[in-house]
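# Close look at the chain arrangement
These are the residues of each chain, in order.
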Amino acid sequence: MPALSFPPELLLKAQGGAQGLKAAIFDVDGVLTDGRIYIGADGESVKAFSTLDGHGLKLLRQAGIEPVVITGRDSRGARRRVADLGLAEAVYGVHDKLAAAAALLARRGWAWDELAAIGDDWPDLPLLVRAGFACAPANAHVEVKAVAQHVTTASGGHGAAREFCDLLLVACGRYEALLRGHLTSLDTA
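Let me sum up the structure you'll find in this document. It should be emphasised that the depicted structure is a prediction, and the values quoted were computed from it without experimental measurement.

### What about the pairing of strand β4 (residues 66-70)?
- Burial of β4 is extensive: 5 of the 5 residues sit out of reach of the surface.
- Neither face of β4 is exposed, since Glu66, Val68 and Ile70 on one face and Pro67 and Val69 on the opposite face are all buried.
- Of the pairings in the sheet, the one linking strand β1 (residues 23-26) to β4 comprises 4 bridges and is parallel in character. When the bridges of β4 are listed, Ala23 appears paired with Glu66.

Okay, here's the thing in structure tokens:
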């Protein structure tokens, strides 16, 4: 039996609409990273990503929930991380995340209630108030926490995205099977 558990009422919320979740949107700065941006003398920026979070995104994809990145900044580091994780959908450097998400939903035939989202600051609010399930990292801005249906115990860049992924996996009933697969062999996961 898995050691991880969530309250039943939270799991019901995290299941999305009647058709279940099709996708989960992730912000980068403050969710997949701790929000800090290191800028070198030559102007290059460096970001740190959690391997726990990355594995969570891979598990979501295996469970049939498409991880999507929509970020207000464009950086080579974020693009590299998304490519390394094999994510098919990402939008970089967008000021209007709502418009970017709406275009993605229209193109993929998804409805808002089939979407989960995690964000940490005001630019994420339009997505969070429309998504079927909204989440915020522990270090998110107070206004974001106020609209989230779940606030993670972990901070952005330090396991918040993984906690979000694990919650969605438990809610859709795939967590235990994925865990058992890893106990047998990582090659079959």
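Here the narrative resumes.
### Focus on the environment of Ile65
- Along the chain, Ile65 turns up in the loop between α3 (51-62) and β4.
- On the basis of relative accessibility, which here comes to 3%, the residue Ile65 falls in the buried class.
- For Ile65, the residues in contact, after removing those within four places along its chain, are Leu21, Lys22, Ala23, Ala24, Leu60, Leu168 and Cys172.

### Here we look at the nonpolar core
- Core analysis: the largest hydrophobic core is formed by 34 residues, its most contacted members being Ala24, Phe26, Leu57, Leu60, Phe133, Phe164 and Leu168.
- Looking at which element gives the most residues to this core, the answer is helix α8 (residues 160-171), with 7 residues.
- Discounting residues that sit within four places of it in the chain, Leu60 has contacts with Ala24, Phe26, Ile65, Pro67, Cys165, Leu168 and Leu169.

Rules and cut-offs
Residues numbered from 1 in each chain as written. Predicted model: local features only at pLDDT ≥ 70, side-chain atom pairs only at ≥ 80, totals over all residues. Heavy atoms only, no water. Buried < 20%, exposed > 50% of the residue type's maximum accessible area, 1.4 Å probe, protein only. Helix = DSSP H or I, 4+ residues; strand = E, 2+ residues; numbered from the N terminus. Pairing = 2+ DSSP bridges. Contact = heavy atoms within 4.5 Å. Core = buried A, V, L, I, M, F, W, Y, C linked by side-chain atoms within 4.5 Å.

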